[in-house]
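Architecture at a glance
For reference, the chains in residue letters:
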Amino acid sequence: MIDLKIDGHVHTTFCHHAIGTMEEYVVYAMARGLSKVIFLEHLEVGINYPESTWLTGDDFEKYFQEGRRLQQKYRGDIEVGLGVEVGYNPERREEIRDFLTGYKWDRVGISYHYMEIEGRHYNVVSRKPYSLDALAGQGVDKVVSRYLRTLREAVEFLPGNVLCHLDAVMRYHPAIAFDQQHLVLVGELFEAMVAREMALEINTSGYLIRGGPFPALNFIRQAQAMGLPLVAGSDAHRPEDVGRFFDRLLEINHQRNNG
Ligand SMILES: [Zn+2]
Ligand SMILES: [Zn+2]
């Protein structure tokens with residue numbers, strides 16, 4: 001069962017592409033009747049990309065300071081979790097792991113946003129031609145396979161609790177499709193997650209982007225069949241998006257009860 005009282009994935013102005021202070025997200029989460037909100041700020045290391053969509057080391061210091069203040073201030077009203085959405089970079093994975101061990105995180109969400117091609121990185125979930133065209137030039141199929149294999153490596157290497165964005169790769173490309181070979185890779189990824197007692201994130205931003213959850217229902221069913229816990233995240237980049245579409249997740253919980 002997904003706990004619909006916990007939004008386990010929100011961002012703030014710290015990442016340069018979201019709006020709202022940490023406190024504004026906490027206040028919205030309380031207004032939504034949530035028992036807990038977990039910040040999952042972006043960490044990336046060694047990414048060669050025209051803009052920064054992640055926090056610096058200094059930002060993470062400030063993030064923890066402010067987060068601890070909010071934990072105290074709202075104690076008894078709502079729990080505030082301080083987590084990280086770590087973007088995997090196979091070339092810099094030791095550095096990433098070292099950074100992670102420097103803090104006590106309430107959640108480490110594993111993502112893989114930036115894929116390297118000839119020394120530059122491209123965002124696999126972007127709709128902008130800069131990334132989409134460069135990645136499509138490699139073959140959409142190959143990008144999906146590389147994405148899933150690399151995610152599995154990330155799961156095996158990093159101390160993660162939750163896997164984010166399972167099927168977000170190339171989601172804005174018209175030719176995106178998961179074939180049989182991709183499904184095998186997803187199964188292997190899930191096995192690696194089971195071995196590490198990780199959960200799969202159900203990201204409700206999908207209801208806005210494509211009218212259903214991320215990942216798609218068939219992947220959710222497969223995860224449930226393999227015994228993977230599911231956790232909900234709104235991926236809010238604005239305070240008013242905290243807990244968005246969580247009522248739709250009742251459907252997933254309900255169907256589980258029935259069979
Ligand atoms: Zn973001
Ligand atoms: Zn996110």
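Anything mentioned here points back to the structure above.
Reference entry: report on the structure contained in this document. (Residues numbered from 1 in each chain as written. Chains lettered and ligands numbered in written order. Predicted model: local features only at pLDDT ≥ 70, side-chain atom pairs only at ≥ 80, totals over all residues.)

Attention now moves to the overall build of the chain. Helix and strand counts for the chain stand at nine helices and nine strands. The globule rule puts the C-alpha radius of gyration for 259 residues at 18 Å, and the 17 Å found for the chain is close to it. Seen along its three principal axes, the alpha-carbon backbone of the chain occupies a region of about 50 × 50 × 35 Å. Within the chain, contacts between residues at least 6 apart in sequence are counted, and of these 77% link residues at least 24 apart. (Helix = DSSP H or I, 4+ residues; strand = E, 2+ residues; numbered from the N terminus. Rg over C-alpha atoms; globule rule 2.2 N^0.38 Å. Contact = placed C-beta atoms within 7 Å.)

The seven strands are arranged β1-β2-β3-β4-β7-β8-β9 in an open sheet whose pairing can be described as parallel. Lying at the two open borders of the sheet, with one neighbouring strand each, are β1 (6–10) and β9 (230–233). Summarising the sheet, strand β7 (residues 162–163) and strand β8 (residues 199–203) pair through two bridges and their orientation is parallel. Pairing of Leu-163 across the sheet is with Leu-200, part of β8. (Pairing = 2+ DSSP bridges.)

This part takes up the nonpolar core. Counting 63 residues, the largest nonpolar core has Tyr-25, Val-37, Val-124, Val-143, Tyr-147, Val-155 and Leu-163 as the members making the most contacts within it. If one sorts the elements of this core by residue count, helix α5 (residues 140–157) sits on top with seven residues. Apart from residues no more than four positions distant in its own chain, Val-143 is found in contact with Met-115, Val-124, Leu-135, Gln-138, Val-169 and Met-170. (Core = buried A, V, L, I, M, F, W, Y, C linked by C-beta atoms within 7 Å. Buried ≥ 20, exposed ≤ 12 C-beta atoms within 10 Å, placed from the backbone.)

It is worth spelling out the packing of α5 against helix α6 (residues 180–195) at this point. At a minimum axis distance of 9 Å, the contact between α5 and α6 shows a crossing angle of 10 degrees. Judged by the angle between their axes, α5 and α6 are roughly parallel. The segment α5 lies against α6, with Val-144, Ser-145, Leu-148, Arg-149, Leu-151, Arg-152, Val-155 and Glu-156 engaging Gln-181, His-182, Leu-185, Val-186, Glu-188, Leu-189, Ala-192 and Met-193. The residue makeup of the contact of α5 with α6, split by class, is nine nonpolar, three polar and four charged. (Axes fitted to C-alpha atoms, helices over the stretch in contact; angles between N-to-C directions. Parallel < 35°, antiparallel > 145°, perpendicular 65-115°, else oblique. Nonpolar A, V, L, I, M, F, W, Y, C, P; charged D, E, K, R; others polar.)

This paragraph deals with the environment of Arg-152. Following the sequence through the fold, Arg-152 ends up in helix α5. Measuring from C-alpha to C-alpha, the distance between Arg-152 and Gly-46 comes to 20 Å, with 106 residues separating the pair along the chain. Excluding residues that lie within four positions of it along the chain, Arg-152 makes contacts with Glu-188, Leu-189 and Ala-192.

Alignment of strand β5 (residues 114–117) against strand β6 (residues 120–123), held across four bridges, turns out to be antiparallel. Paired with Glu-116 across the strands is His-121, a residue of β6. Connecting β5 to the next strand, β6, in antiparallel fashion are two residues, including Glu-118 with a positive phi near 45 degrees.

Turning to the packing of helix α1 (residues 22–31) against helix α2 (residues 57–73), a few remarks are in order. Running from N to C, α1 and α2 point in directions that differ by 35 degrees, and their axes come no closer than 10 Å. Viewed along their axes, α1 and α2 form a crossing whose handedness is right-handed. In this structure, α1 uses Met-22, Glu-23 and Val-26 to contact α2, whose residues at the interface are Glu-66, Gly-67 and Leu-70. Its residues assigned to classes, the contact of α1 with α2 shows three nonpolar, one polar and two charged. (Left-handed = near helix turned anticlockwise from the far one by under 90°.)

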